[in-house]
Amino acid sequence: MKKNILTGDRPTGKLHIGHYVGTLASRLKLQEKGGYDDFFIMIADAQALTDNADNPQKIRENILNVAIDYLSIGIDPKKVHIFIQSEISELTELAFYYSNLVTVSRLERNPTVKQEIKSKGFAESIPVGFFTYPISQAADITAFKASIVPVGDDQLPMIEQTREIVRSFNRIYGDVLVEPKELLPENEVCMRLPGIDGNAKMSKSLGNCIYLSDSYEELKTKVMGMYTDPLHLKVEDPGHVKGNTVFTYLDAFVNDEDFAKYYPEFKNLDELKKAYEHGGIGDVKIKKFLLQILDDFLKPIREKRKYYEEHLDEVYDILKEGTMYAHCLAKETLNEAKNAMKLNYFNNKQLLDEFKNE
Ligand code: TRP
């Protein structure tokens, strides 16, 4: 069987370093590792509209932002098809049939959707499209016969829902769809990077993000103002590492070579943590260290971004090609699914023959 990979992002804003550690890094790793047939990254504009119906311009503007983010971190369009969801109308058709296989109460139990309904303040006015987006996401995944879906842990309920739909579909209509498996970040801290204010989630609406497109100045202001340990008032005081955002970020980004280069008093993060907990290490010092590391990380990304911003036509063509390629596969899958459901009335006059033979 083919091994396809699919993942995606809603184009509601520029991507940030939380996206990077949460899922973009594992996409890069997969891209380099190879061993797959097709690798798709979808810009989920249709899904983004499910809670932005009144603001299509915002979604439109961010399509290129997100595409440039992908290319700047090193997603290689020769290896990965980047495409735009709304261009593939087969996805909506699949979702329509899948929606017959899912109950309202099953949708109500989705913890991620529940959380989103709360944080978006929908209360009693949840858009139907938003409520049912896990079904549309199942169409995204299955249309491309993806067996691997690299995501953050907030997407687990969608993958689980997709597996259930696949099982129901295959049981009722025949073996057409492929059951997907999630691919989560390798370590705990990468599961969800907190915001610079210490909030558990880095999110645009909370204004606590470090963007992949941040300039050095923006990065500096953010890192130097980061939440640390509110009890660590004087340098000599013992500090706490747990819940200290600077250390969480170091956990996600630092390696031993960084110590040799910028902080040779310590060999590794464990040593620095111990010293901080003991007391005598100031927050400014660790913030400056983190700033170096994050700037080293963002510098090459900024350079590539500059190139693509000056070659927007190239980005446009990459999206167009990726979308055309993706479209072909989605058409094939929809055809297979409809054949399995016997929704193929004008194929070879089979319908007439069946009627005559009755
Ligand atoms: N729900 C995902 C997010 O909010 C985006 C997405 C849409 C997606 N379709 C997908 C992710 C299919 C993985 C697979 O980021």
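Residue positions are given per chain, counting from 1 as you read along its sequence in written order. Per-residue local features are limited, in this predicted model, to residues with pLDDT of at least 70; the limit for side-chain atom pairs, both in listing and counting, is 80 or more; totals at the level of whole chains, interfaces and linings are taken over all residues. The side-chain figures draw on all heavy atoms in the structure; neither hydrogens nor water molecules are used.

The subject of this paragraph is the sheet that holds strand β3 (residues 81-84). Two strands form a pair only when DSSP identifies at least two bridges running between them. A helix here means a DSSP run of H or I that spans at least four residues, while a strand means a run of E at least two residues long, and both kinds are numbered starting from the N terminus. An order of β3-β2-β1-β4-β5 is seen for the five strands of this open sheet, with the pairing classed as parallel. Two strands lie at the open edges of the sheet, namely β3 and β5 (181-183), each paired on one side alone. Taking each pair of neighbouring strands and ignoring which way they run, the sheet shows an average axis angle of 30 degrees. In the sheet, strand β2 (residues 38-43) pairs with β3 via four bridges, with the strands oriented parallel. Residue pairing across strands places Ile41 opposite Ile82, the latter belonging to β3. In this fold helix α3 (residues 56-73) packs onto β1 (4-9), β2 and β3, with an angle of close to 145 degrees to the strand it touches most, β2. In this analysis, two residues are considered to be in contact whenever any of their non-hydrogen atoms come within 4.5 Å of each other. Only the stretch in contact is used when fitting a helix axis, every axis being a line fitted to C-alpha atoms; angles between N-to-C directions are given from 0 to 180 degrees. Along the sheet, helix α9 (residues 156-173) contacts β4 (146-150) and β5; its crossing angle with β5, the most-contacted strand, is approximately 160 degrees.

Attention now goes to the packing of aromatic side chains. Two rings from Phe, Tyr or Trp (for Trp, the six-membered ring) form a pair when their centres are within 6.5 Å of each other. A pair whose planes differ by under 30 degrees is stacked, one over 60 is edge-to-face, and the rest are tilted. By the definition in use, this model includes 18 aromatic pairs. Relative to Phe130, the ring of Phe122 lies with its centre 5.3 Å away and its plane at 65 degrees, an arrangement referred to as edge-to-face. Ring centres of Phe259 and Phe289 lie 4.9 Å apart, and the angle between their planes is 55 degrees; this geometry places the pair in the tilted category. Note that Phe259 is positioned in helix α13 (residues 256-262) and Phe289 in helix α15 (residues 283-310), a separation of 30 residues in sequence. Classification of residues uses two cut-offs on accessible area relative to the type maximum, computed with a 1.4 Å probe and protein chains only: under 20% is buried, over 50% is exposed, and between them is partly exposed. Overall, the relative accessible area of 4% leaves Phe289 in the buried class. One aromatic cluster in this structure is built from Phe40, Phe83, Phe144 and Tyr325. The lysine or arginine in question, Arg10, covers the ring of Tyr133, its NZ or CZ lying 4.6 Å from the ring centre. For a ring to carry a charge above it, either NZ of a lysine or CZ of an arginine must fall within 6 Å of the ring centroid while also lying within 35 degrees of the normal to the ring plane. Over the aromatic face of Tyr211 sits the side chain of Lys14, whose NZ or CZ is 4.7 Å from the ring centroid.

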